[in-house]
Amino acid sequence: MVNIEQIKGMLSYEFFSIAGHSMTVGGVLLIPAMALVGFWATKYLVRFLTTKLTKRNADPNIIHLVRRLLYAIAISIIVITVLDIINVPITAFAFLSGAIAIGFGFGAQNIINNFISGWILMWEKPIRIGDFLEVENAKGVVEEINTRSTRFRRTDGVHMLIPNSKLLENTIVNWTLVDKLMRTSVKIGVAYGSPAKKVAELILQAVEEQDGVLNNPPPQVIFEDFGDNALIFEVNFWIQSNVEGGLRMAKSNVRFRLDELLADNEIVIAYPQRDVHIDGSLKLLKSEA
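Residues numbered from 1 in each chain as written. Predicted model: local features only at pLDDT ≥ 70, side-chain atom pairs only at ≥ 80, totals over all residues. Heavy atoms only, no water.

Trainee: Which residues make up the pairing of strand S4 (residues 138–145), and what values do they have?
Mentor: As paired strands, strand S3 (residues 132–135) and S4 are joined by four bridges and run antiparallel to one another. Bridge pairing in S4 places Glu134 opposite Lys139. Linkage of S3 to S4, two consecutive antiparallel strands, is achieved through a turn of two residues, within which Glu136 is found at a positive phi near 55°. By the bridge criterion, five bridges tie S4 to strand S5 (residues 149–154) in an arrangement that is antiparallel. (Pairing = 2+ DSSP bridges. Helix = DSSP H or I, 4+ residues; strand = E, 2+ residues; numbered from the N terminus.)

Here you go:
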């Protein structure tokens with residue numbers, strides 16, 4: 001039967017030595033035990049702080065940054081503590097860490113670049129969770145900022161993973177960086193002979209009747225031009241929206257209401273027309289069946 005002394009002897013058995021410090025079986029078994037305890041405690045602490053911050057209606061970007069910082073600090077503390085408990089000096093890894101750093105410098109430049117860019121995004125917050133972005137030809141909402149990439153949901157529901165370095169190095173249109181105010185416009189052409197001032201009043205009425213349209217700055221109707229087939233009007237107005245769909249819906253509602261108002265006032269929405277002038281005479285011949 002195995003007694004305590006035998007167990008102690010087994011745990012004290014030396015596997016190998018690093019810089020004059022022996023590594024025993026007990027030390028090797030202690031590493032995963034300490035790591036599990038440390039990660040469990042870190043996970044509990046992060047969950048506790050996240051719950052507290054959420055109840056206080058803290059900014060989701062601040063919560064995300066705090067979680068990342070806690071995980072990074074906790075991992076560093078766990079590694080240093082485990083090495084100290086098993087009597088392994090950190091200087092023993094100086095040469096190995098230098099070699100690893102050189103390898104990363106050549107082989108993992110993009111990974112390191114995206115990692116650092118992720119921390120810059122979370123710290124400076126030029127892009128935040130919930131922002132509506134325009135990245136090249138894609139538009140969508142930021143759902144999550146990770147240390148390597150940012151999860152981006154397009155307006156059609158498709159998810160994209162964008163490298164963090166791309167968000168810092170390229171020109172990105174952030175529609176909601178400062179506020180959620182957005183300006184849009186609606187154009188319409190009415191037939192020649194229509195009362196221009198009355199048309200402008202109806203356009204303004206159609207816009208002001210919409211719930212999402214802001215009064216400050218006020219909507220502005222512009223008589224833009226005498227077109228080939230119509231009198232061209234344009235109305236500019238502001239709404240508060242965090243997605244592109246809000247703009248499209250607001251413009252659609254204005255057009256629906258404007259169509260009703262123009263019909264009630266017997267004002268015709270113009271359509272392409274052509275006047276044909278023929279020099280000389282035109283003779284119509286009736287063909288016999």
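There's more to say after this.
Trainee: Pulling in residues and values, what's your account of helix H7 (residues 196–208)?
Mentor: Here H7 spans 19 Å end to end across 13 residues, near enough to the 18 Å set by a 1.5 Å rise per residue. Residues Val199, Leu202, Ile203, Ala206 and Val207 constitute the buried set of H7. Looking straight down H7, one finds its buried side chains confined to an arc of 135°; they lie on one side. Away from its buried face by more than 90 degrees, H7 exposes Lys197 and Glu201. (Expected span 1.5 Å × (residues − 1). Buried < 20%, exposed > 50% of the residue type's maximum accessible area, 1.4 Å probe, protein only. Arc of directions from axis to C-beta.)

Trainee: Lay out the nonpolar core in plain terms, naming residues and giving numbers.
Mentor: Ranked by internal contacts, the top residues of the largest apolar core, which has 22 residues, are Val190, Ile203, Phe233, Phe237 and Leu262. If you list the elements that add at least two residues to this core, you get strand S8 (181–190), H7, strand S10 (231–240) and helix H8 (244–264). Here the element with the most residues in this core is H8; it accounts for six residues. Residues Leu121, Ile127, Ile145 and Leu167 belong to the second largest nonpolar core, which totals twelve residues. (Core = buried A, V, L, I, M, F, W, Y, C linked by side-chain atoms within 4.5 Å.)

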